[in-house]
Amino acid sequence: MRNSIIVLCFFLTQFGGIHAQYVIEDSAELETLKKLPLEKIYLHSNTSLFFPGEYLYYSMNCINTMTNRLSTISRVGYVELIDENHRSLFKQKVLLVGGKGQGDFFIPVTFPSGNYKLIAYTHWMRNVDLSQFYQDDIVIINPYQIDQENLRNKKEETINLDVVQVNNTEFQLEDKSIQLQTEKNVFGKREKVSLVPRNYKGPLGYGNYSISVRLKNNLDVKPAMNATFFGDKYLNSTKILPKNINDSIYLPEQRGELFYGRVLDKEDNPVVNETVIISIPGEDFQLKSAITDKSGSFYTYVNKPYTAATIIAQAIDKDANNMVTLIDKPEMEFETLQFNDFTLNSKMEKAILERSVYNQVENGFYSAKPDSILTNATIDPFDGGSPEIIKLDEFTRFPTIRETLVELVPNVWVKRLDNGNYTFWVREKLEKYEIEFESDPPLVLVDGVFVPDHTSILDFNARLVDRISILRDPLVLGDKKYLGMVVIETIEGDYLNRIVDHNMAINDLEMPTSLKNYFNQSYAADNVDKFKNIPDFRSQLYWNPTILIDQNSNEKNYEFYTSDISGEYEIVLEGFTTYGKPITVKKTITIE
């Protein structure tokens, strides 16, 4: 994998193009690129049939096509739901760690009944055709809308039984190296179930898995694709880059999420060797630097979690005639997708009505059964530095930033330049004094927004400022040196909304899916009274997107409680061993 990193770094130094793609220039580059394996993705989803008010849960497995093991190439995956008009109804960004990721999506009442496709891919996978993307059929039944045309019988048949029967046969392939064991097979309502995935193959069974426990569908819907079937279907996936010299390619997001941009002059000519600062503002701001290439293009990676929904690109050397832009990744084309033809019939009415009622009741008590979002590790915008912090409310306030710096902030002052502009200066710590930085002004930010023109904020209303943080250590960002950093934080954190800068590119950020601890209902002794008057109509009894089976977890016990809905429930374990074998294991339990 060390070679893969070398490949990526080599090409990112030569990145270019308005469409955020790299053009292969010669045979040496082509040979180097072909050393980086392609990828494929498997999603373990909790079901293939959804009603409004239900959640689609999924566990993402990104696979190296060369080894069939979890891929360490891409750090971001994408999931989309496509309707029969080939439109994307939602798109989610999934952070991958060692090839694993997770997410969920709430099915809203605005989604009409119909047949849909669940799609998953990485940026690197966009170099092959749609057939290598993960594709699975999803059915949504929306009984709250009058129009059910999308699921009406178009061929005067009750349902396409041939398709359902064939696919049910295909999807029942299972592996016996891991068995799902419970203390019994029949349980009462609100009773505890102890589940043990027992590995009988030792190291051959070690791997990463996910578990779903759900009421079996009583409608004839093709089940979700399982890992074993996926392994067969995608066995012959393209393994190396199918490109030639002068072809454009999508680069892998190996060092984090990839962002592109361009700087052009007033004649739409590229601005070459321009330093661009890319920032994600906020208290835990992030800063990146990039230099434009011969086409005026630049790129950057964001490899840390972020909480702001905005990304900004600004040129350091401001020229009123230059325009900085951030370029969105091109949208996918889904015109070639083929959809399942599930249709409704009158025999399904009772089951649909019953499930709709259960969903409404469950959603009415959602606040009593919330999921919990796992907090990310705290991001230190100072990268280990210890800033001096001045909280303005602890002092007599002054009208402007200029006066505040003079009266309240030690080790920071303003200097007038020969051209009439002003710049901040920071006094370096004597014990760390480095003469090579003494002629460099500090990096200045307001609410995480880079300020290239220090003069522009000297008259900013200081009564809007909460604190000023000063880092007095030398630092380097890209090819620029700075003697320290001055970070001004406003009370409302709204500096970006108060400025107008035509040389600033501002794009919305789609937030990645959050890591969650999914709600696991408990009727243990200390919870009985809390929930005794709350109905329990869960059809999804348990969902765990990350199960590790290794030498330390062979007898690990996973507990969940049954609900008030009687019937047959299916326990499904899906995943891949550490050496790349797909595993599917199922077990049925009954609730009376």
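Structure shown above.
A quick note: this is a predicted structure, and the numbers were derived from the prediction, not measured.

Turning our attention to the packing of aromatic side chains. Within this structure, the stated rule accounts for 20 aromatic pairs. Geometrically, the ring pair formed by Tyr57 and Tyr518 is edge-to-face, given 4.9 Å between the ring centres and 75 degrees between the ring planes. Separated by 461 residues along the polypeptide, Tyr57 in strand β4 (residues 55-64) and Tyr518 in the loop between β30 (516-517) and α7 (528-531) bring together distant segments of the chain. With relative accessibility at 11%, the residue Tyr518 sits in the buried group. With 5.9 Å between their ring centres and 15 degrees between their planes, Tyr57 and Trp543 make a pair best called stacked.

Our next topic: the sheet that holds strand β22 (residues 388-391). Pairing between the strands of a sheet is mediated by backbone hydrogen bonds and can be parallel or antiparallel. In space, the 5 strands of this open sheet follow the order β22-β27-β28-β25-β26, with mixed pairing throughout. Each of the sheet's edge strands pairs with one partner strand only, and the pair in question is β22 and β26 (449-450). The sheet contact formed by strand β25 (residues 443-446) and strand β28 (residues 480-490) spans 4 bridges and is parallel. Opposite Leu445, over in β28, you have Val487 as the bridge partner.

Moving on, we get to helix α5 (residues 349-364). Taking 1.5 Å per residue, 16 residues should reach 22 Å; α5 reaches 23 Å between its end C-alpha atoms and fits that length. Among the residues making up α5, those that are buried are Ala351, Ile352, Arg355, Ser356, Asn359 and Glu362. Axial view of α5: buried residues confined to an arc of 130 degrees, hence all on one face. Away from its buried face, by an angle of more than 90 degrees, α5 presents the exposed residues Glu349, Lys350, Leu353 and Gly364. On its buried side, α5 packs onto β3 (49-50) and β13 (207-215).

Parameters at a glance
- Residues numbered from 1 in each chain as written.
- Predicted model: local features only at pLDDT ≥ 70, side-chain atom pairs only at ≥ 80, totals over all residues.
- Heavy atoms only, no water.
- Phe/Tyr/Trp six-rings, centres within 6.5 Å; stacked < 30°, edge-to-face > 60°.
- Helix = DSSP H or I, 4+ residues; strand = E, 2+ residues; numbered from the N terminus.
- Buried < 20%, exposed > 50% of the residue type's maximum accessible area, 1.4 Å probe, protein only.
- Pairing = 2+ DSSP bridges.
- Expected span 1.5 Å × (residues − 1).
- Arc of directions from axis to C-beta.
- Contact = heavy atoms within 4.5 Å.

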